[in-house]
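Secondary and tertiary structure notes
Single-letter residue listing:
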Amino acid sequence: MGVPEELFYSKDHEWVKKTEEGKVQIGITAFAQKELGDIVFVELPEIGETLEAGDSFGSVESVKTVSELYAPVAGTVSATNTDLEDSPELVNESPYDQAWMIELEADQFDFSDLLTAEAYNQMIGENA
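For clarity, every value in this text was computed on a predicted model and none was experimentally measured. Each residue is numbered by its place in its chain's sequence as written, counting from 1. Local features in this predicted model are restricted to residues of pLDDT 70 or higher, and side-chain atom pairs are both shown and tallied only at a pLDDT of 80 or more, whereas totals for entire chains, interfaces and linings draw on every residue. Only hydrogens and water are set aside when side-chain values are computed; all heavy atoms of the structure are taken into account.

1. A short note on the overall build of the chain
Each helix is a run of DSSP H or I of at least 4 residues and each strand a run of E of at least 2, with the numbering of both proceeding from the N terminus. Across its full length, the chain carries four helices and nine strands. Along its sequence from the N terminus, the chain presents helices and strands in the succession β-β-β-α-β-β-β-β-β-α-α-β-α. Radius of gyration (C-alpha) of the chain: 13 Å, near the 14 Å computed for a compact globule of 128 residues. Overall, the C-alpha framework of the chain stretches about 35 × 35 × 25 Å when taken along its three principal axes. Throughout, radius of gyration means the C-alpha value; the globule benchmark is 2.2 Å times the number of residues raised to the power 0.38.

See below:
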């Protein structure tokens, strides 16, 4: 699965997308879900929780391990993907579409600390 060009990426393997509504959606990358293996549980924050960039906002549990999720940008949680409660396998099947995890009302849209698709591809290529 390719790395979508229109998204931004963290070094912790989360992706970030600015929505048409002026919010930010966050999920984990295809590389991350592949490394984790079959996802069996996703824990997400409460709506209204305020996050700083770098804060843990939940975790994903796979058949291999449990991995923390980190907010790549600051903001207030405005929505969570409740579909993941009953269908955590969506993270493996559709990491960039159906398996977004949280939506934030971002404090700002400064993505300068994030990676472009090209830079993320280079990073995972070095780690692969």
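2. Considerations on the pattern of salt bridges
A carboxyl oxygen of Asp or Glu within 4 Å of a side-chain nitrogen of Lys or Arg is what we treat as a salt bridge. Counted under the stated rule, the structure contains one salt bridge. For Glu-105, the salt bridge goes to Lys-23, with nearest N and O atoms at 3.9 Å. Of this pair, Glu-105 sits in strand E9 (residues 102-106) while Lys-23 sits in the loop between strand E2 (14-18) and strand E3 (24-28), and the two are 82 residues apart along the sequence. Think of it in three bands: residues with accessible area under 20% of the maximum for their type are buried, residues over 50% are exposed, and the middle band is partly exposed, with areas taken using a 1.4 Å probe on protein chains only. Judged by its relative accessible area of 23%, Lys-23 is partly exposed.

3. So, the environment of Gln-25
Assignment of secondary structure puts Gln-25 in strand E3. By relative accessible area, which is 12% here, Gln-25 ends up buried. Expressed as a C-alpha distance, the spacing of Gln-25 and Met-123, which sit 98 residues apart in the sequence, is 22 Å. Two residues form a contact once any of their heavy atoms are found within 4.5 Å. With residues near it in sequence (within four places) discarded, Gln-25 still touches Trp-15, Val-16, Lys-17, Thr-19, Trp-100, Ile-102 and Glu-103.

4. Overview of the pairing of E2
Successive side chains on a regular strand alternate, one facing one side of the sheet and the next facing the other. Any two strands are treated as partners once DSSP identifies two or more bridges connecting them. Inspection of the sheet shows strand E1 (residues 8-9) paired to E2 by two bridges, in the antiparallel sense. Within E2, the residue paired with Tyr-9 across the bridge is Trp-15. Linkage of E1 to E2, two consecutive antiparallel strands, is achieved through a turn of four residues, within which His-13 is found at a positive phi near 75 degrees. As paired strands, E2 and E3 are joined by five bridges and run antiparallel to one another. Following the sheet pairing, Val-16 is matched in E3 by Ile-26. The antiparallel hairpin formed by E2 and E3 contains five residues in its connecting segment, where Gly-22 sits at a positive phi of about 80 degrees.

5. Structural notes on the environment of Thr-65
For Thr-65, the position within the fold is in the loop between strand E6 (56-62) and strand E7 (66-70). Taking the C-alpha atoms as reference, Thr-65 lies 6.9 Å from Leu-36; in sequence the two are 29 residues apart. If sequence neighbours within four positions are ignored, Thr-65 has contacts with Leu-36 and Val-60.

6. A word on the nonpolar core
Counting residues in each nonpolar core, the largest one holds 25 residues, and the members touching the most others are Ile-26, Phe-57, Val-91 and Met-101. Within the residue set of this core, elements represented by two or more residues are E3, helix H1 (30-36), strand E4 (39-43), E6, helix H3 (90-93) and E9. When near neighbours in sequence (up to four residues on either side) are disregarded, Met-101 contacts Ile-26, Gly-27, Ile-28, Leu-44, Phe-57, Val-60, Leu-69, Ala-79, Thr-80, Asn-81, Leu-84 and Val-91. Take the buried residues of types Ala, Val, Leu, Ile, Met, Phe, Trp, Tyr and Cys, join any two whose side-chain atoms come within 4.5 Å, and each joined set is a nonpolar core. Counting 14 residues, the second largest nonpolar core, distinct from the first, contains Ala-117, Tyr-120, Met-123 and Ile-124.

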